[in-house]
Amino acid sequence: MVRGGPELVLTVDHAYEPDWLVESVDGAVAAFRRYGGDVVVEPHEIPVGRLAVVRDPFGNALVVLELSKGVYVTDDASRAVVVEHRDDAS
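Residues numbered from 1 in each chain as written. Predicted model: local features only at pLDDT ≥ 70, side-chain atom pairs only at ≥ 80, totals over all residues. Heavy atoms only, no water.

Draft legend 1. Molecular detail of the sheet that holds strand E3 (residues 49-55). Pairing in this open sheet of 4 strands is mixed, and the strands run E1-E4-E3-E2 from one edge to the other. With one partner strand each, in any of the chains shown, strand E1 (19-21) and strand E2 (38-46) form the two edges of the open sheet. Here the strands of the sheet are splayed against their neighbours by 20° on average, with no regard to which way each runs. Here 6 bridges tie E3 to strand E4 (residues 61-66), and the two strands are oriented antiparallel to one another. Each bridged residue has a counterpart across the sheet, and for Arg-50 the counterpart in E4 is Glu-66. The strands touched by helix H1 (residues 25-34) within the sheet are E2, E3 and E4, with E3 carrying the most contacts at an inclination of about 10°. (Pairing = 2+ DSSP bridges. Helix = DSSP H or I, 4+ residues; strand = E, 2+ residues; numbered from the N terminus. Axes fitted to C-alpha atoms, helices over the stretch in contact; angles between N-to-C directions. Contact = heavy atoms within 4.5 Å.)

Put into structure tokens, the structure is as follows:
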């Protein structure tokens, strides 16, 4: 189960790509491929879980993200400073 509330992440280093929180990045990538999408960036590990970038059949890039390891904790200036690991993360 995916827990948490809405989150807005702003960057000037990357193109606009909506991020979708999913329970399984590998499952989401398989679904995109099955329905005519393709993979721009293969699934890979990040500090808080796994991430991939996919493109739908219409050419829209989307980031799929699973928070299987934890979440980023930010300071008062909204900078990510540490990863808060989930108790059940392996």
